[in-house]
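Letter by letter, the chains look like this.
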Amino acid sequence: MRGNPVRKQVLVIATAALVIAAGAAAWYVMTQRHVGSILAQGERTNLLLIGHDGSGGSDALTLLSLSDEDLVFVSVPIDVRVKGPGGDLASAAAVFSQSGPSPTARAIADLLGIDVPFFLSVGRGTLANWIDSFGGVAVELEENAIYADASADPPLRVEIRPGERVMDGSEAIAFSVSLSLPGDSGLLTRQQALLRSLVSQGVRDRSVRDLRAAARGAFPSLETNCTLEDLFQVLGVLHEVPADGVRTIVLPTETVLADGEPVVEPRIVETERIVASSLKGLDLLTPDEVNIAVFNGNGIREMASRTAEYLRARGFSITRIGNADSFEYSPSYIVVLTDEAKAWVLRDALPPNEIRIVFPETFEASYAALRDYVPVGTDLLLIAGIGMELE
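Residues numbered from 1 in each chain as written. Predicted model: local features only at pLDDT ≥ 70, side-chain atom pairs only at ≥ 80, totals over all residues. Heavy atoms only, no water.

For helix H3 (residues 101-112), which comprises 12 residues, the first-to-last C-alpha distance of 17 Å matches the rise-based estimate of 16 Å (1.5 Å per residue) to within 8%. Along H3, the residues that are buried comprise Pro-101, Pro-103, Thr-104, Ala-105, Ala-107, Ile-108, Ala-109 and Leu-112. Positive phi appears at Gly-113, one or two residues downstream of H3, with a value of about 75°. (Helix = DSSP H or I, 4+ residues; strand = E, 2+ residues; numbered from the N terminus. Expected span 1.5 Å × (residues − 1). Buried < 20%, exposed > 50% of the residue type's maximum accessible area, 1.4 Å probe, protein only.)

Shown next, in the form of structure tokens:
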């Protein structure tokens, strides 16, 4: 007896749909299992740590950049000028108070030119309680710490000489957030001294079980886009990385005038070098390993020749000198043909100028116009644009 062909066709379609649905569900589970996972983001990922006062103000901004092998803490001044969510320039502290931790993480990412997919904001009380939970922290000072402890009324002048100082939670918080007085080593220097001690005594010297229990207890009071499992992973890395695998860096800044008002800006060349070597993991090379084709992109007489001579005197090899396809380039550009690390060597060798590092695929039209004039073996194109100065 033959079956109903229409019924068979329906069963086949239904079975296929179930198989597809099951496959899609399995794919979803496998791919979503680690979405948001710190260590699933690649070889190195970045987490912005924000300390706040509980009233909408930020005390500290520290970028934690971590891999399985090392950690880098970059202390960022809270008054450094960044681009806010609406595109307006404001201090990082203002972005945090007005928009919260997620936009602040995006602003720091834009400032440094890297991805900062994770953020964690913690209040003074939570941090102080954690420090008290393991009996306080011994902070090693290499310079004087002199500050006004605003937690006292009236504010108390505190002076700590170089050496080791044991602090409870409230003392450690005051040490890391109080404004400097004359002779102080600096607020960011104090914050980094505390960070190193906390990694050593608060994480590395404690059991993984204790760390997980502490994370579970603190998690409800944190504002973060990390999961609890993410925090376990971060603590695991902090626990296992040896002391010589932990680096602390202060973002280099300077105070400049903008519209007649003093503002804090990053020192561009130094910041770019830190990002390249410490956060992107690029090995910075020496000038004699870099071959450059130099093009005049601003129309100033002998601009390319003078730039080439400037670079030769500093050890670079010049493969070609010529005019660009336009004299309207602004600013100057370094086009990376081989190794991005070589671009940073060149950038560091030039006087302070606005220079952008780009790649052929993002600079397609201009690169296409110059490509036929670039000798084989060239690592970089340098297009000297409007405003380029050699002195």
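Membership of the largest hydrophobic core comes to 26 residues, with the highest contact counts inside it found for Val-74, Ile-108, Leu-112 and Leu-279. Those elements that place two or more of their residues in this core are strand S1 (45-52), strand S2 (58-66), strand S3 (71-76), helix H2 (92-99), H3 and helix H9 (268-279). Considering every element that reaches this core, the biggest residue donor is H3, with five residues. Sequence-distant contacts of Leu-112, that is, excluding residues within four places in its chain, are made with Leu-63, Leu-251, Thr-271, Val-275 and Leu-279. (Core = buried A, V, L, I, M, F, W, Y, C linked by side-chain atoms within 4.5 Å. Contact = heavy atoms within 4.5 Å.)

Our focus in this paragraph is the packing of H9 against helix H11 (residues 340-349). Relative to each other, H9 and H11 sit at 160°, their axes nearing to 10 Å. One way to sum up the angle between H9 and H11 is to call them roughly antiparallel. Between H9 and H11 the crossing geometry is left-handed. Seen from H9, the contacting residues are Ile-268, Val-269, Glu-272, Arg-273 and Ala-276; seen from H11, they are Trp-344, Arg-347 and Asp-348. By residue class, the composition of the contact of H9 with H11 is four nonpolar, no polar and four charged. (Axes fitted to C-alpha atoms, helices over the stretch in contact; angles between N-to-C directions. Parallel < 35°, antiparallel > 145°, perpendicular 65-115°, else oblique. Left-handed = near helix turned anticlockwise from the far one by under 90°. Nonpolar A, V, L, I, M, F, W, Y, C, P; charged D, E, K, R; others polar.)

Tallying each qualifying case throughout the model produces five aromatic pairs. Measuring from centroid to centroid gives 6.0 Å for Tyr-147 and Phe-175, while their planes differ by 75°, and the two rings are edge-to-face. In this pair, Tyr-147 is assigned in strand S8 (residues 145-149) and Phe-175 in helix H5 (residues 169-177), connecting sequence segments 28 residues apart. Note on Tyr-147: relative accessible area 3%, which makes it buried. (Phe/Tyr/Trp six-rings, centres within 6.5 Å; stacked < 30°, edge-to-face > 60°.)

By secondary structure assignment, the location of Glu-265 is in strand S15 (residues 261-266). A polar atom in the side chain of Glu-265 sits 2.5 Å from the side chain of Arg-81. Here Glu-265 is in contact with Val-80, Arg-81, Pro-252, Thr-253, Glu-254 and Val-256, once residues within four sequence places are set aside. (Polar contact = N/O pair within 3.5 Å; in protein donor to acceptor, adjacent residues only side chain to side chain.)

Quick look at the sheet that holds S1 now. The strand order across the open sheet built from six strands is S12-S6-S1-S2-S3-S13, with neighbouring strands paired in mixed fashion. Of all the strands in the sheet, the pair left with one neighbour each is strand S12 (223-224) and strand S13 (246-250). Summarising the sheet, S1 and strand S6 (residues 118-123) pair through six bridges and their orientation is parallel. Bridge pairing in S6 places Leu-47 opposite Phe-118. (Pairing = 2+ DSSP bridges.)

Below, the discussion takes up the packing of helix H6 (residues 187-204) against helix H8 (residues 228-240). Between H6 and H8, the shortest axis-to-axis distance is 9 Å and the interhelical angle comes to 105°. Classified by the angle between their axes, H6 and H8 sit roughly perpendicular to one another. Contact with H6, carried on its side by Val-199, Val-203 and Arg-204, involves Leu-235, Leu-238 and His-239 of H8 and no other residues of that element. Here the contact of H6 with H8 is composed, by residue class, of four nonpolar, one polar and one charged.

Spatial ordering of the open sheet is given by S9-S8-S11, a layout of three strands whose pairing is antiparallel. Across the chains shown, the open sheet's two edge strands, defined by having one partner strand only, are strand S9 (156-160) and strand S11 (179-180). Here five bridges tie S8 to S9, and the two strands are oriented antiparallel to one another. Its bridge partner being in S9, Ala-148 is matched across the sheet by Arg-157. Contacting S8, S9 and S11, H5 runs over the sheet at an angle of about 105° to S8.

Interpretation note: all reported values are geometric properties and have no functional meaning in isolation.
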